[in-house]
Amino acid sequence: MNVAEKLIKEGKLSREEYKELLACAERPDIRQLLAEEATALRQKYYGNKIYTRGLIEFTNYCKNNCYYCGIRRDNRNVKRYRLTKEEILSCCENGYELGYRTFVLQGGEDPYYSDEKMAEIIREIRKGYPDCAITLSIGEKSYESYKLLREAGANRYLLRHETANEQHYGMLHPASMSLTVRKQCLYDLKSLGYQVGAGFMVGSPGQKLEHLAEDLEFLEELQPHMVGIGPFIPHHDTQFAAEPAGSVDMTIFLLSVIRILLPKVLLPATTALGTVDPRGREKGILAGANVVMPNLSPVLHRKQYELYDNKICTGEESAECRQCLARRVESVGCCLVSERGDAK
Ligand code: SAM
Ligand code: FES
C-alpha cells in the first residue's frame, strides 16, 4: 500500500508519510486518486452544493507587519480606508438580496474598531439578519475580546495559522508576532463555540515540504471546521516582491488531502487560487473544495485591499461576481447555494 492509499484508508498519516505523499504531488495517478476520493467525500456530506460567503473587507489599516502582506503597517503606498457601520450594513443589505446568508467581516488588525465598536456592528447585523451567519476575520485578540464578540452574535472566525513551523513562522513575521499566540487564539476561539477556520499559504517564501507536513499535522490536532488555503502571491511593495508565487498544482493537491483528512471540513476555493490560474477555483472544486467567497465590498475600495498583486474581482459589482461564480461552479457540475452552510 502506498502513502496515498494509506491516507484514504486511515484518514491520516505520520509527518514522515505526509512528506512522502507531498513529494508525489506532481504524479497524475496519485493526484487523480486523491481528487476522486476527496470529491466523493464532499458529495457524501454536502452533495453538489457549493456554499457562498459574502466577503466584506471593511478596513485596510493594520497594526501588524506580516512580511508577505500588501496592507501591512509599513507599506506607505497604500491608500487606507475604513467602512462605517452604515456602509458595512449596506454591504449586508446588498448581499442578502443577492442570496448571501453568511457575511465575512475581514480586515487588518485595526485598533480603531475597538471591541465595543465591533460588538455594536455585530449586534446590528445580527438584529437585521437573524438568519445569517456572521464570520469574523480580524486577527489576534484576547480570550475576553473573542468572548464579547461571540456574545454580540458572531458565529465563526477565520484565523489562518500561516505555518505550523516555529522557524518558518519567524521568517514570515516580525519578532513581535508568535506562532504560540496564534495557535492559542485558535484554541480560545474553539472553546468559545465559534466555528473556526485555520489555514496557510501554499508556497510562501522558505516553505519546505516538511513545513506543509507540519501544517497537516496541526490541522489534524486542531480539527477546525474550516480550512483556508491559497497560493502565496508576491506583492510589489513587500520584501518578498521577487519571490515566485505558490504552485496551483500543489494547492489543489493539498485541497484533496485536507478533504480526506477532515471529511466534513468547509473548504474554500480561494480568490488567490483564482488569481494565479483563471480556472483555479473550478480546479479547486474538482479537488474537493465546497465554498467560494465572493467580494461584497464597495467597488470603490476593492483595489485598496490589495494583499497581493493582480487580485481578481476588484472591478466588478457584487451582483456580477455572484453570477460569474454561479456559472463557474455549474461548469464543474456543482450548484451555488444560498444556505448558511454551517459546519456539520
Ligand atoms: N488580519 C486578519 C488576519 O491576520 O487573520 C485577516 C486579514 S489577512 C490579510 C488574511 C489572509 O490573507 C492572511 O491570513 C494570509 O494568509 C493572506 N495573505 C496575506 N498576504 C498574502 C499574499 N501575499 N499572498 C497570499 N495570501 C496572502
Ligand atoms: Fe495585517 Fe496583513 S499585515 S492584514
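Definitions and limits used
- Residues numbered from 1 in each chain as written.
- Chains lettered and ligands numbered in written order.
- Predicted model: local features only at pLDDT ≥ 70, side-chain atom pairs only at ≥ 80, totals over all residues.
- Heavy atoms only, no water.
- Pairing = 2+ DSSP bridges.
- Helix = DSSP H or I, 4+ residues; strand = E, 2+ residues; numbered from the N terminus.
- Axes fitted to C-alpha atoms, helices over the stretch in contact; angles between N-to-C directions.
- Contact = heavy atoms within 4.5 Å.
- Near = heavy atom within 4 Å.
- Polar contact = N/O pair within 3.5 Å; in protein donor to acceptor, adjacent residues only side chain to side chain.
- Areas by Shrake-Rupley, 256 points an atom, 1.4 Å probe, with all protein chains shown as cover.
- Nonpolar A, V, L, I, M, F, W, Y, C, P; charged D, E, K, R; others polar.
- Parallel < 35°, antiparallel > 145°, perpendicular 65-115°, else oblique.
- Left-handed = near helix turned anticlockwise from the far one by under 90°.
- Phe/Tyr/Trp six-rings, centres within 6.5 Å; stacked < 30°, edge-to-face > 60°.
- Buried < 20%, exposed > 50% of the residue type's maximum accessible area, 1.4 Å probe, protein only.
- Lys NZ or Arg CZ within 6 Å of the ring centre and 35° of its normal.
- Right-handed = clockwise from strand over helix to strand, strands pointing away.

Attention shifts here to the sheet that holds strand E6 (residues 195–202). If you walk across this open sheet you meet the 6 strands as E2-E3-E4-E5-E6-E7, and the pairing is parallel. Each edge of the sheet is formed by a strand with only one pairing partner; in this case those strands are strand E2 (54–59) and strand E7 (226–231). Across the sheet, the axes of successive neighbouring strands diverge by a mean angle of 20°, strand direction being ignored. Most of the contacts of helix H8 (residues 179–191) go to E6, to which it runs at about 155°, and overall it touches strand E5 (156–158) and E6. Against the sheet, helix H9 (residues 209–222) contacts E6 and E7, and its axis sits at roughly 175° relative to E6.

Around ligand 1, the structure places 18 residues, and the nearest of them are Tyr 68, Gly 107, Arg 160, Glu 162 and Ile 233. Take Glu 162: an N or O atom from its side chain is 2.5 Å from an oxygen atom of ligand 1. Out of a free accessible area of 560 Å², ligand 1 has 93% covered by protein chains. Per-class residue counts for the shell around ligand 1 are 10 nonpolar, 5 polar and 3 charged.

Tracing the backbone shows Asn 75 in the loop between E2 and helix H4 (85–98). Engagement of the side chain of Asn 75 in a polar contact is seen with the backbone oxygen of Gly 70, the distance being 2.8 Å. Residues within four places of Asn 75 in sequence aside, it is in contact with Gly 70, Arg 80, His 235 and Asp 237.

With that settled, consider the packing of H8 against H9. As a packed pair, H8 and H9 sit with axes 12 Å apart at the nearest point and diverge in direction by 25°. In terms of their interaxial angle, H8 and H9 are classed as roughly parallel. The chirality of how H8 crosses H9 is right-handed. Here Lys 183, Leu 186, Tyr 187 and Lys 190 of H8 lie close against H9, whose contacting residues are Phe 218, Glu 221 and Leu 222. Here the residues of the contact of H8 with H9 are counted per class, giving 4 nonpolar, no polar and 3 charged.

A full pass over the atoms with the stated rule returns 10 aromatic pairs. Seen from their ring centres, Tyr 96 and Tyr 129 are 5.4 Å apart, and the 40° between their planes marks the pair as tilted. Of this pair, Tyr 96 sits in helix H4 while Tyr 129 sits in the loop between helix H5 (115–128) and strand E4 (133–137), and the two are 33 residues apart along the sequence. Of the residues examined, Tyr 96 reaches a relative accessible area of 26% and is grouped as partly exposed. When the centroid spacing of 5.6 Å and the interplanar angle of 75° are considered together, the rings of Phe 103 and Tyr 129 count as edge-to-face. One end of the pair, Phe 103, is in strand E3 (residues 102–107); the other, Tyr 129, is in the loop between H5 and E4, with 26 residues separating them in the sequence. By relative accessible area, Tyr 129 is classed as buried at 12%. Each member of the aromatic cluster is reached from another via a ring pair, and the members are Phe 58, Tyr 112 and Tyr 113. Against the face of Tyr 61 rests Arg 82, its NZ or CZ located 3.8 Å from the ring centre. Arg 101 extends its terminal NZ or CZ atom over the ring of Tyr 96, reaching a point 3.5 Å from the ring centre.

The subject of this paragraph is the pairing of E4. Of all 5 residues that make up E4, 5 are buried, and the element is covered over most of its length. What you see with E4 is no split at all: Ala 133, Thr 135 and Ser 137 on one side and Ile 134 and Leu 136 on the other are buried throughout. The pairing of E3 with E4 spans 5 bridges and is parallel. Of the residues in E4, the one forming a bridge with Gln 106 is Ser 137. Between the parallel elements E3 and E4, the chain passes through H5 in a crossover that is right-handed. The pairing of E4 with E5 spans 2 bridges and is classified as parallel. Paired with Thr 135 across the bridge in E5 is Arg 156. Of the crossover connections in this fold, the one passing from E4 over helix H6 (residues 143–152) to the parallel E5 is right-handed.

All quantities given are derived from atomic positions and should not be read as evidence of function.
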